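# Observations on the model geometry
Read off the chains here:
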Amino acid sequence: GHVGHYVKVVMDEVFGKDCFRNEIVWKRRTGTASSNNEFGIQTDGLYFYSKEPNDFTFTPLYRKDVSPEEIAEKFNLVEPDGKRYWSGDLGNPADRPNLKYTYKGYQPPKNGWAVSLAVMEQMHQEGRLIFPKSISGRIRRKMYLHEWSGFPIQNLWDDILPVQSQAYERLDYATQKPEKLLDRIIRASCPENGLVADFNGGSGTTAAVAHKPGRRWITTDLGQPARMNMRQRSTDQPARP
């Protein structure tokens, strides 16, 4: 927290300001301790940079581990056969003149529809469109629960716990990060069979996590305890097919 803004300036110099994508906030503890002179610290910051401003790999990620109450609130409509859905917008976020067509007498949104006429007709045939009673209203689409990818993961990561004292992955390494944290970073930024590099390998979490979903990896560290941990952890990894 005290040096993050200085690190950001240095990284802008190294990678380029135009290559900065996100600051990610990881909520790593609940922080129940009180202080008389400052707010408690619950979070760490991660800086996400790309190699080039407009040429980089990014895979959107989704999470479905949400409560039944959240599901019921989002998918608040139900078909006669019991399928849950919600009413989704059919407007395009960008101005698309080629998608500004009238459908069944309904005028397009300001920027045009989100789909082509052919797709709109297919959705109509499949019963996926919601037509308003008034001709001046807006057509919407049915977004079904069973087809839902999940909530898009944003830049606040509050669903990943730190490595607990009793966790199977704990190696008693001071700066050890949870496998779920590294897995999310790798899956979002490295394609399958891509190469992951960690030059401060520590307990070897990055290499261990990269190995599981089929990424290649390089990891190094200057400290002998770290190298011993990394060597043992890599030995314990199952062979990939």
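See the structure printed just above.
Criteria and thresholds
Residues numbered from 1 in each chain as written. Predicted model: local features only at pLDDT ≥ 70, side-chain atom pairs only at ≥ 80, totals over all residues. Heavy atoms only, no water. Pairing = 2+ DSSP bridges. Helix = DSSP H or I, 4+ residues; strand = E, 2+ residues; numbered from the N terminus. Core = buried A, V, L, I, M, F, W, Y, C linked by side-chain atoms within 4.5 Å. Buried < 20%, exposed > 50% of the residue type's maximum accessible area, 1.4 Å probe, protein only. Phe/Tyr/Trp six-rings, centres within 6.5 Å; stacked < 30°, edge-to-face > 60°. Lys NZ or Arg CZ within 6 Å of the ring centre and 35° of its normal. Expected span 1.5 Å × (residues − 1). Patch = residues over 30% accessible without salt bridge, like charges linked within 9 Å, V, L, I, M, F, W, Y side chains within 5 Å. Areas by Shrake-Rupley, 256 points an atom, 1.4 Å probe, with all protein chains shown as cover. Salt bridge = Lys/Arg side-chain N within 4 Å of Asp/Glu carboxyl O. Right-handed = clockwise from strand over helix to strand, strands pointing away. Contact = heavy atoms within 4.5 Å.

### Observations concerning the sheet that holds strand 4 (residues 77-78)
Reading across the sheet, the four strands line up as 4-5-7-6 and stay open at both edges, with antiparallel pairing between neighbours. Two strands bound the open sheet, and with one partner strand each, they are strand 4 and strand 6 (129-130). The pairing of strand 6 with strand 7 (residues 140-144) spans two bridges and is classified as antiparallel. What sits directly across from Leu129, in strand 7, is Arg141.

### Regarding the nonpolar core
Ranked by size, the top nonpolar core spans 13 residues in total, and within it Ile24, Trp26, Trp157, Ile160, Leu181, Ile186 and Val196 carry the most contacts. Elements that contribute at least two residues to this core include exactly strand 1 (20-27), strand 2 (43-49), helix 4 (179-189) and helix 5 (205-211). One finds Leu90, Tyr103, Trp113 and Met120 within the second-largest nonpolar core, a separate group that totals ten residues.

### What about the packing of aromatic side chains?
As enumerated under the stated definition, the model contains nine aromatic pairs in all. Between Trp148 and Phe151, the aromatic rings sit 4.9 Å apart at their centres with planes inclined by 85°, giving edge-to-face as the arrangement. On the accessibility criterion, Trp148 (12% relative accessible area) is buried. What links up through ring pairs into an aromatic cluster is the set Phe15, Phe20, Tyr47 and Tyr49. Lys8 extends its terminal NZ or CZ atom over the ring of Phe20, reaching a point 4.3 Å from the ring centre.

### Overview of the pairing of strand 7
Along any regular strand the residues' side chains alternate between the sheet's two faces. Of the strand pairs in this sheet, strand 5 (residues 84-88) and strand 7 are connected by four bridges, and their pairing is antiparallel. The residue of strand 7 that forms the bridge with Ser87 is Lys142.

### Comments concerning helix 1 (residues 4-15)
With twelve residues, helix 1 extends 16 Å between its outermost C-alpha atoms, agreeing within 8% with the 16 Å of an ideal straight helix rising 1.5 Å per residue. Positive backbone phi, at 100°, marks Gly16, one or two positions downstream of helix 1.

### Focus on the sheet that holds strand 1
In sheet architecture, strand pairing relies on hydrogen bonds along the backbone and comes in two forms, parallel and antiparallel. Taking strand neighbours across the sheet as the criterion, the three strands line up as 2-1-9 in an open arrangement whose pairing is mixed. On the outer flanks of this sheet lie strand 2 and strand 9 (156-157), each paired with one strand and no other.

### Regarding a nonpolar patch on the surface
Where nonpolar side chains cluster on the molecular surface, the patch consists of Val3, Tyr6 and Val7 and spans about 290 Å² of accessible area. Looking at where Val3 falls in the secondary structure, it is placed in the segment before helix 1.

### Focus: the pairing of strand 10 (residues 195-198)
Residues Val196 and Asp198 line the buried face of strand 10, whereas the alternating positions Leu195 and Ala197 sit on a face that is not buried. For strand 10 and strand 11 (residues 216-219), the ladder comprises four bridges, and the chain directions are parallel. Within the sheet, the bridge partner assigned to Val196 lies in strand 11 and is Trp217. You can see the chain leave strand 10, run along helix 5 and come back into strand 11, and the turn it takes is right-handed.

### Concerning the environment of Asp55
Of note, Asp55 is situated in the loop between strand 2 and strand 3 (62-63). Asp55 sits in the exposed class, given a relative accessible area of 58%. The spatial distance from the C-alpha of Asp55 to the C-alpha of Cys19 is 9.5 Å, given a sequence separation of 36 residues.

### Quick word on the pattern of salt bridges
Think of it this way: side chains of opposite charge can pair up when their charged atoms draw near. Applying the stated criterion across every chain yields a total of 13 salt bridges. Linking Asp44 and Arg28 is a salt bridge whose minimum nitrogen-to-oxygen distance equals 2.8 Å. Of the two residues, Asp44 is situated in strand 2 and Arg28 in the loop between strand 1 and strand 2; the sequence distance between them amounts to 16 residues. Since its relative accessible area comes to 28%, Asp44 is described here as partly exposed. We note a salt bridge from Asp65 to Arg63, for which the minimum N-O separation is 3.2 Å. For Asp65, a relative accessible area of 48% translates into the label partly exposed. For Arg63, a relative accessible area of 24% gives the class partly exposed.

### Points about the environment of His124
Within the secondary structure layout, His124 lies in helix 3 (residues 117-125). Residue classification places His124 among the partly exposed residues on the basis of a relative accessible area of 31%. When the C-alpha positions of His124 and Arg141 are compared, they lie 9.2 Å apart, and in sequence the two are 17 residues distant. With residues up to four places along the chain from it excluded, the contact list for His124 reads Tyr103, Lys104, Leu129 and Phe131.

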